[in-house]
Amino acid sequence: MLVSVGMDHRGVALRSAILHFCSARGFLVIDRGTADGSAPVDYPLIAHPVARDVQFGRARFGILACGSGLGMAVAANRLPGVRAALVLSREMAKIFRRHNHGNVLCLGARWQEPEEVAPLLQYFFDEEEDGGLRHRRRVALLDGGCWPYGKGSAMEGKSALATEDPEIFAAIGGERRRQEEYVELIASENFVSPSILEAAGSILTNKYAEGYPGQRYYGGCEFVDRVESLARDRAKKLFGAEHANVQPHSGSQANMAVYAAVLRPGDRILTMSLSHGGHLTHGYAKNLSGMLYEVTHYGTDPESQRLDYAAMARIAEKVRPKLVTVGASAYPRQIDFQKVAELAHAVGALAMADMAHVAGLVAAGLHPSPVPFCDLVTATTHKTLRGPRGGLILCRKEFAKAIDGAVFPGIQGGPLMHIIAAKAVCFREATGQKFRDYQRLVLENAAVMAKTLQNLGFSLVAGGTDNHLFLIDLRKNLPTMDGKMAQILLERAHITVNKNTIPGETRSPVDTSGVRIGTPAITSRGMGPAEAQQIGQWIAEVLMANGSEETIATVRENVLALCSRFPLPYPG
Ligand code: PLP
């Protein structure tokens, strides 16, 4: 078991007794100092690292000591998830663990002799947490507060979930803290508005509504019909499309529905390869799309690492596919949807654009739209578009019937009406000037962060970015580090990214040679170019530091300070 231990100059008197107990028990110790009793140390500077070790699961428990034990307890308790208390007797140690599920035990050298330490710790560590609902509920209330119900809500101060299912409640509270305390750079993630969160968490989840507005298989659909009609109309208006289907549960479902609508098993499709930035649903061998259809992949040009439309046209000419798809999960440059539609049509193929990643930029007019050119367009609603997790299909009227039939009853049953309501809110939000300003800032932040890393010697796929994401190619300046290791190191500094394969990949998809970085989420928190530049520098520091604990810890402290300046937009 891992135990994090720390004391200030006054608590040093108990240090040997604490360490001796840990070693006798076989505990692995994270030693947060200080070992020097002669130089004064500010107790929060010791308490916070220990509390954070516990908060983020690096250590199961913490032990802190100072003169009174009080300052350490107060400081440690500032961190959500930490339950710290001064313990003066064996009985207190027992109760603290049993009832309060204490995880940081504090000692005071003013009141406690070194020989009293072991029995207190023993009582604490030998005790078990009371798993009864009463105590779990109280502990969950401590940790999670009243989220998601905040000020002004009828449920303010109450949470049914905390009462009924404290474990899930606490896990949600933990994830909320994680979102608050990490810089989120996963290019496909974002923070929805409180309105979208409210719609997604609404009572619409109770309603079955198989079919489409006006043609349902269940009664009682007048309100959900209104919701879905609004969502469809808003999507059509936002993207200038003749028809919209807002029911796909996800981007993958949207893609599969398009295939089901226009292809037969065994048909030929031409799609972007996964390692060059495509998605699993673009014909990857282990995805149903790769099993059902005869797939030919195109990639990016080996030199420029950009799409080579002339090469695509040549492959299309040779393969004569029924469908050409374009769109990517990890492509940092603009896509010329018009060119792809033209080269597909030239060989009698249909053109499908998967604009999952860039849908928000398209909605804001900052990326060329595929809608006027491609026969079928799919999107996710949760990436740059900043809506709830879900899928969307846009098409011309001539494909409407086939698409709707392919979604339901083709591959889905009842639509998720709460999510469709949240999509409707998202489409409305995406029409305003505020949204356009947001997307402009997403682009600026990505450009600034990419440039910062390039200036510090990092190599980027395709030489940089035109959109919301970029990819670091680690092979050039950090050949021994793979994407997996980079992701782990950055996560320890509270910077969340994802490892990613890159063109010409030589490592496995589990290890990868690249890291994908995107700016939609930090921009939603209100961060701008100054923060983007700073984060770029921190990324470089962590990756270049050879795993130095000191560098990681310093960056983590800075990231936490940054995050506290840009709170999430949710109450509670
Ligand atoms: N298409 C592209 C280009 C994507 O990047 C993704 C998701 O990352 C999807 C489709 C699938 O979306 P979902 O995860 O909602 O199924």
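Remember, it's a predicted structure, so these values are computed and weren't measured experimentally.

What follows deals with the sheet that holds strand S17 (residues 469–473). The four strands are arranged S16-S17-S20-S19 in an open sheet whose pairing can be described as antiparallel. The strands lining the two open edges of the sheet, one partner per strand, are strand S16 (459–460) and strand S19 (498–500). As paired elements, S16 and S17 share two bridges and run antiparallel to each other. By the bridge assignment, Leu460 is partnered in S17 with Ile472. The strands touched by helix H18 (residues 433–455) are S16, S17 and strand S20 (514–518); relative to S17, the strand with the most contacts, the crossing angle is about 15°. Set on the sheet, helix H20 (residues 483–492) makes contact with S19 and S20; between it and S19 the angle comes to about 165°.

Considering only enclosed or pocket space, the second largest pocket measures out at about 480 Å³ in volume. Contributing to the lining of the second largest pocket are 30 residues, with Leu274, Gly278, His279, Ser329 and Arg516 lying nearest its centre. Where the lining of the second largest pocket is concerned, the elements lending two or more residues are helix H11 (251–262), strand S14 (376–380) and S19.

On to the site of the ligand, then. Around the ligand, 13 residues are found, and the nearest of them are Gly251, Ser252, Ser329, Asp354 and Lys383. Lys383 is positioned such that a nitrogen or oxygen atom in its side chain is 3.2 Å from an oxygen atom of the ligand. Considering the ligand on its own, with 390 Å² of exposed area, one finds that the protein chains cover 83% of that surface. At a threshold of 2 Å from the grid points, most atoms of the ligand map onto the second largest pocket. The leading source of residues in the shell around the ligand is H11, at three residues. Broken down by class, the residue content of the shell around the ligand amounts to two nonpolar, nine polar and two charged.

This paragraph deals with the packing of helix H10 (residues 222–239) against helix H17 (residues 417–429). Axis separation between H10 and H17 bottoms out at 8 Å; the angle between their running directions is 35°. You can see that H10 and H17 cross each other, and the crossing is left-handed. Facing Val224, Val227, Glu228, Ala231, Arg234, Ala235 and Leu238 of H10, the residues of H17 in contact are Met417, Ile420, Ala421, Ala424, Val425, Phe427 and Arg428. Grouping the constituent residues of the contact of H10 with H17 by class yields eleven nonpolar, no polar and three charged.

A separate point is empty space enclosed by the protein. Summed over all chains, the structure comprises two cavities of 30 Å³ or more. Considered as a void within the structure, the largest cavity measures approximately 70 Å³ in volume. Lining the largest cavity are Gly327, Ala328, Tyr331, Arg333, Ile335, Asp354, His357, Val358, His367, Asn467, His468 and Leu469. Residues of the lining of the largest cavity, tallied by class, amount to five nonpolar, five polar and two charged. Of the residues that make up the lining of the largest cavity, three or more belong to each of domain 2 (199–429) and domain 3 (433–565). If you trace the second largest cavity, you find it lined by Ser275, His276, Gly277, Gln305, Ala330, Tyr331, Pro332, Val461, Leu471, Thr501, Ile502 and Pro503. Of the residues in the lining of the second largest cavity, the class split is seven nonpolar, five polar and no charged.

Next up on the list: the domain arrangement of the protein chain. In terms of domain boundaries, the protein chain breaks down into domain 1 (2–134), domain 2 (199–429) and domain 3 (433–565). Here the C-alpha centroids of domain 1 and domain 3 sit 36 Å apart. Each partner contributes residues to the interface: domain 1 has four residues there, and domain 3 has four residues. When the two sides are added together, the surface that domain 1 and domain 3 hide from each other amounts to roughly 350 Å², 45% of it contributed by carbon and sulfur. Considering only the surface of domain 1 that becomes buried against domain 3, Arg52, Phe56 and Arg58 emerge as the three largest contributors, covering 87% of it. Taken together, the links from domain 1 to domain 3 amount to one salt bridge. Note that Glu557 and Arg52 form a salt bridge whose closest N and O atoms lie 2.8 Å from each other. Remark: the boundary between domain 1 and domain 3 carries one residue pair in polar contact (both at pLDDT 80 or more). Of the residues that constitute the side of domain 1 that touches domain 3, the class distribution is one nonpolar, no polar and three charged.

What counts and how
Residues numbered from 1 in each chain as written. Predicted model: local features only at pLDDT ≥ 70, side-chain atom pairs only at ≥ 80, totals over all residues. Heavy atoms only, no water. Pairing = 2+ DSSP bridges. Helix = DSSP H or I, 4+ residues; strand = E, 2+ residues; numbered from the N terminus. Contact = heavy atoms within 4.5 Å. Axes fitted to C-alpha atoms, helices over the stretch in contact; angles between N-to-C directions. 1 Å grid on protein atoms, 1.4 Å probe; cavity = no way out; pocket = protein on both sides within 12 Å on 5 of 7 lines; lining within 4 Å. Points joined across faces, edges and corners; volume = space filled by probe spheres on them. Near = heavy atom within 4 Å. Polar contact = N/O pair within 3.5 Å; in protein donor to acceptor, adjacent residues only side chain to side chain. Areas by Shrake-Rupley, 256 points an atom, 1.4 Å probe, with all protein chains shown as cover. Sits in = over half its atoms within 2 Å of the grid points. Nonpolar A, V, L, I, M, F, W, Y, C, P; charged D, E, K, R; others polar. Left-handed = near helix turned anticlockwise from the far one by under 90°. Domains from an automatic or database assignment. Buried area = accessible area lost by both parts, 1.4 Å probe. Salt bridge = Lys/Arg side-chain N within 4 Å of Asp/Glu carboxyl O.

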